[in-house]
Amino acid sequence: MTDKKAKIAELIEMQKKFIAYEHENGVDMKDYFAPEPGHLLDGYKESYMQKAMELVDIAHAEKGSSR
């Protein structure tokens with residue numbers, strides 16, 4: 001699997017887990033933006049953004065462009 005496909009798979013898996021959590025528990029904005037340490041969403045937003053930006057960098061490299 002290419003790095004690009006692996007990143008996409010990681011993002012999709014993160015989305016599935018988030019959606020499942022949201023359906024079961026609902027998502028309070030506090031838990032999303034400032035979760036307590038150890039909460040399922042602790043670090044989620046930052047990790048998702050980092051992986052998404054890595055994917056953007058891969059796409060730019062493929063096209064020879066930059067952001």
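Shown above is the structure to which this text applies.
For every chain, the first residue of the written sequence is number 1, and numbering continues from 1 onward in sequence order. Two thresholds apply to this predicted model, a pLDDT of at least 70 for residue-level local features and 80 or more for giving and counting side-chain atom pairs, whereas whole-chain, interface and lining totals are computed over all residues. Water and hydrogen atoms play no part in the side-chain values, which are based on all heavy atoms of the structure.

### Describing the nonpolar core
Proteins that are soluble and globular tend to have nonpolar side chains buried together.
At step 1: Counting residues in each nonpolar core, the largest one holds five residues, listed as M14, F18, Y21, L41 and Y44.
At step 2: Secondary structure elements follow DSSP: runs of H or I of four or more residues count as helices, runs of E of two or more count as strands, with numbering from the N terminus. Considering each element in turn, this core owes the most residues, three residues, to helix 1 (residues 3–25).
At step 3: The contact criterion used is simple: two residues touch if any of their non-hydrogen atoms lie within 4.5 Å. Setting aside anything within four residues of it in sequence, one finds Y44 in contact with M14, Q15, F18 and Y32. Within this scheme, the nonpolar core is defined by two criteria: the residues are buried Ala, Val, Leu, Ile, Met, Phe, Trp, Tyr or Cys, and they are joined through side-chain atoms within 4.5 Å. For every residue, the accessible area obtained with a 1.4 Å probe (protein chains only) is divided by the maximum for its type, and the residue is called buried under 20%, exposed over 50%, and partly exposed between those limits.

### So, the packing of aromatic side chains
At step 1: Any Phe, Tyr or Trp ring, taking Trp's six-membered ring, that has another such ring centre within 6.5 Å forms a pair; planes under 30 degrees apart are called stacked, those over 60 apart edge-to-face, and the others tilted. Within this structure, the stated rule accounts for four aromatic pairs.
At step 2: Consider the rings of F18 and Y32, whose centres lie 6.0 Å apart with planes at 75°: the pair is edge-to-face. Here F18 is found in helix 1, whereas its partner Y32 is found in helix 2 (residues 29–33), with 14 residues between them in sequence.
At step 3: Judged by relative accessible area, Y32 falls into the partly exposed class, the value being 24%.
At step 4: Each ring, one from Y32 and one from F33, has its centre 4.9 Å from the other, and the planes form 90°; the classification is edge-to-face.
At step 5: Look at F33 and you get exposed, because its relative accessible area is 51%.
At step 6: Taken together, the ring pairs connect F18, Y32, F33, Y44 and Y48 into an aromatic cluster.

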